[in-house]
Structures are given as structure tokens and as C-alpha cells.
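Examining the three-dimensional arrangement
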Amino acid sequence: DVKVTQSSRYLVKRTGEKVFLECVQDMDHENMFWYRQDPGLGLRLIYFSYDVKMKEKGDIPEGYSVSREKKERFSLILESASTNQTSMYLCASNRAGGGHSNQPQHFGDGTRLSIL
Amino acid sequence: AQSVTQPDIHITVSEGASLELRCNYSYGATPYLFWYVQSPGQGLQLLLKYFSGDTLVQGIKGFEAEFKRSQSSFNLRKPSVHWSDAAEYFCAVGGTGRRALTFGSGTRLQVQP
């Protein structure tokens with residue numbers, strides 16, 4: 001069974017801090033994704049990666065960056081955390097699917113991040 | 001651009017009653033369609049998916065969904081709801097040449113005893 005592990009379930013940080021959210025998958029998936037989930041807005045894509053060191057912006061990349069140095073690990077970085085980044089963050093992964101979005105995504109349990 | 005609309009933010013049904021959750025999508029070609037469920041405090045779990053072929057697809061936990069191209073819909077159904085089905089449900093659409101999915105805003109299901 002695919003396992004996507006997010007390093008923290010809950011995280012509290014202060015405004016202006018640099019914040020790292022880590023995600024690891026164990027199924028050798030090519031694609032990895034970071035979403036934020038807010039009530040009434042569903043899941044919004046922040047960034048995704050389709051290969052090591054490769055990344056693409058999603059719908060809401062402002063204020064975030066990502067890093068993928070190894071295939072199994074995908075990190076989300078909040079360069080200077082702000083209160084409007086308080087949210088639930090979900091990581092997901094899937095197979096390449098030939099460059100099409102036809103492979104189911106497998107999700108971690110999420111990190112609830114609070115910025116004070 | 002692709003988009004997904006889930007018109008119902010919140011639905012309450014009685015245990016044992018039937019369920020239908022609505023999903024409408026916008027996409028220029030044949031879509032890849034998914035339904036996911038999220039229990040409280042957890043990530044999303046895939047219920048079922050549609051790529052092509054038979055427009056009625058069966059999923060896990062007794063759920064099914066029907067793809068209707070003429071209505072741009074992919075509604076989720078279950079004949080008899082159990083209390084454990086209380087959760088949030090998300091519809092998502094993908095497509096050719098695009099790696100990422102677009103998710104709807106979700107429908108929260110409450111089940112009354």
C-alpha cells in the first residue's frame with residue numbers, strides 16, 4: 001500500500017519565520033504535490049514536481065517555494081510565514097501517467113499549520 | 001481551463017437513506033474524473049475514478065458514480081448510507097497533457113441516526 005508521510009500533524013510558528021513542511025512517499029512515484037485546504041475553498045494546488053529538481057507552479061504559489069532533491073521527498077517552504085498562511089497543508093503523490101492526470105493521487109494525513 | 005463545481009456545501013441524510021452528491025465539471029475534452037472522501041483529521045482517500053468506457057463506475061464502500069457527458073456531470077451515489085459515511089467528499093477533474101487535478105470545494109455529509 002502506498003504511504004505518504006507528512007512530518008508533522010500540527011505545527012505552530014510565528015510571523016516572519018521560515019517554515020519547512022516535509023513529505024515522503026515510499027512508492028517511487030514520479031509526481032508529488034502540495035495543496036492547501038481551507039473551508040469552502042476545497043484543495044488548491046500550490047506547487048507540484050514531476051521529477052527530481054523539477055517543479056511547476058500551481059494555482060497559488062505566492063509566498064511558497066518547494067524543493068525536491070530526492071525522488072521520495074518533497075518539501076514545502078514558507079519563506080516568511082504570514083497569518084494568512086494558517087491552513088491545512090496536504091501532500092500527495094502519484095505515478096507519471098505519461099504526463100496526464102489519469103493516475104489516482106495518494107494523500108498524506110495533512111499538517112495543520114498555525115501562524116501566530 | 002478546467003473547473004469543478006460541487007453545488008452542495010452540506011448535506012444531511014438519515015442512516016439507511018439513499019445519497020446523491022452532485023459534481024459538475026468544465027473541461028474541453030474527455031475528462032478524467034475522481035471522487036475522494038476525507039474523514040475528520042485524515043487525508044483524502046480515493047473512492048472511484050472514471051477514464052473511459054462504461055459510464056457507470058463502481059467504487060469502494062458501496063459507492064458508484066455516473067458520467068453524463070451531455071450534462072458535464074459525475075454524480076456520486078450510494079443506495080443506503082451508513083453512519084460511518086459521514087465525511088467530506090471531493091470531486092476532481094484531470095485531463096490529457098496536464099499532470100495536476102482540479103478539485104471542487106467539497107460537500108460535507110452528515111448522517112442522522
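Report on the accompanying structure. Keep in mind that what you see is a predicted model, and the values were worked out from it rather than measured.

Analysis parameters
Residues numbered from 1 in each chain as written. Chains lettered and ligands numbered in written order. Predicted model: local features only at pLDDT ≥ 70, side-chain atom pairs only at ≥ 80, totals over all residues. Heavy atoms only, no water. Contact = heavy atoms within 4.5 Å. Buried area = accessible area lost by both parts, 1.4 Å probe. Salt bridge = Lys/Arg side-chain N within 4 Å of Asp/Glu carboxyl O. Polar contact = N/O pair within 3.5 Å; in protein donor to acceptor, adjacent residues only side chain to side chain. Pairing = 2+ DSSP bridges. Helix = DSSP H or I, 4+ residues; strand = E, 2+ residues; numbered from the N terminus. Axes fitted to C-alpha atoms, helices over the stretch in contact; angles between N-to-C directions. Buried < 20%, exposed > 50% of the residue type's maximum accessible area, 1.4 Å probe, protein only. Disulfide = S-S within 2.5 Å. Core = buried A, V, L, I, M, F, W, Y, C linked by side-chain atoms within 4.5 Å. Phe/Tyr/Trp six-rings, centres within 6.5 Å; stacked < 30°, edge-to-face > 60°.

**A look at the interface of chain A and chain B**
Between chain A and chain B, the contact holds 24 residues from the first and 24 residues from the second. The junction of chain A with chain B conceals about 1,900 Å² of combined surface from both sides, 57% of it contributed by carbon and sulfur atoms. In this structure, the connection of chain A to chain B is made through zero salt bridges. At the junction of chain A and chain B, the tally comes to four residue pairs in polar contact (both at pLDDT 80 or more).

**Some points on the sheet that holds strand β3 (residues 19-25) of chain A**
All names here are of chain A. Taken together, four strands build an open sheet; the order of strands is β1-β3-β8-β7 and the sheet is antiparallel. Each edge of the open sheet is held by one strand with a lone partner, namely β1 (4-6) and β7 (64-70). On average, each strand axis in the sheet is tilted by 20° relative to the strand beside it, whichever way the strands run. Two elements, β3 and strand β8 (residues 73-78), share six bridges in a ladder whose sense is antiparallel.

**Digging into the pairing of strand β9 (residues 73-78) of chain B**
All names here are of chain B. Among the six residues in β9, five count as buried, and that is most of the element. Pairing geometry for strand β3 (residues 19-21) and β9, over three bridges, is antiparallel. Looking across to β9, one finds that Glu20 is bridged to Arg77. For strand β8 (residues 64-68) and β9, the ladder comprises five bridges, and the chain directions are antiparallel.

**Looking at the state of the cysteines**
All names here are of chain A. Taken as a whole, this structure holds two disulfides over all chains when the rule is applied. A sulfur-sulfur separation of 1.9 Å characterises the disulfide bridge that pairs Cys23 with Cys91. On the sign convention where negative is left-handed, the bridge of Cys23 and Cys91, at about -80° about the S-S bond, is left-handed. Separated by 68 residues along the polypeptide, Cys23 in strand β3 and Cys91 in strand β9 (residues 87-94) bring together distant segments of the chain. Each member of the pair, Cys23 together with Cys91, is buried.

**Brief notes about the nonpolar core**
Residue and element names in this part refer to chain B. Judged by nonpolar contacts, the single largest core of 26 residues is most densely connected at Leu19, Trp35, Leu47, Leu48, Phe74, Leu76 and Tyr89. If you list the elements that add at least two residues to this core, you get β2 (10-14), β3, β5 (32-38), β6 (44-50), β8, β9, β10 (87-95) and β12 (107-112). Broken down by element, this core gets its largest block of residues, four residues, from β10.

**Describing the pairing of β9(A)**
Residues and elements named next belong to chain A. The element β9 is extensively covered by neighbouring structure, given that eight of its eight residues are classed as buried. Alternating residues of β9 divide into Ser87, Tyr89, Cys91 and Ser93 and Met88, Leu90, Ala92 and Asn94, and every residue in both groups is buried. Sheet analysis places strand β4 (residues 31-38) next to β9, joined by seven bridges and oriented antiparallel. Looking at the pairing, Met32 lines up with Ser93 of β9. In the sheet, β9 pairs with strand β10 (residues 106-107) via two bridges, with the strands oriented antiparallel. Residue Ala92 lies in a different strand from β10, and its bridge partner there is Phe107.

**Quick look at unusual backbone geometry**
Of note, Lys53(A) is a non-glycine position whose phi angle comes to about 65°, a positive value. Within the secondary structure, Lys53(A) is located in the loop between β5 (42-51) and β6 (54-57). Residue Lys53(A) is classed as exposed on the basis of its relative accessible area of 56%. With phi around 50°, Ser72(B) is a residue other than glycine that occupies positive phi space. Within the fold, Ser72(B) resides in the loop between β8 and β9. Under the relative-accessibility criterion, Ser72(B) is labelled partly exposed at 26%.

**Some thoughts on the packing of aromatic side chains**
Using the criterion set out here, one finds 15 aromatic pairs over all chains in the structure. Consider the rings of Phe33(A) and Tyr35(A), whose centres lie 6.2 Å apart with planes at 25°: the pair is stacked. With respect to class, Phe33(A) is no different from Tyr35(A); both count as buried. Ring plane angle 45° and centroid distance 6.3 Å describe the contact between Tyr50(B) and Phe74(B), whose orientation is recorded as tilted. One end of the pair, Tyr50(B), is in strand β6; the other, Phe74(B), is in strand β9, and 24 residues separate them in sequence. Of the two residues examined, Tyr50(B) and Phe74(B), each falls in the buried class. Following the ring pairs from residue to residue traces out a cluster consisting of Phe33(A), Tyr35(A), Phe48(A), Phe107(A), Tyr32(B), Phe34(B), Tyr36(B), Phe51(B) and Phe103(B).

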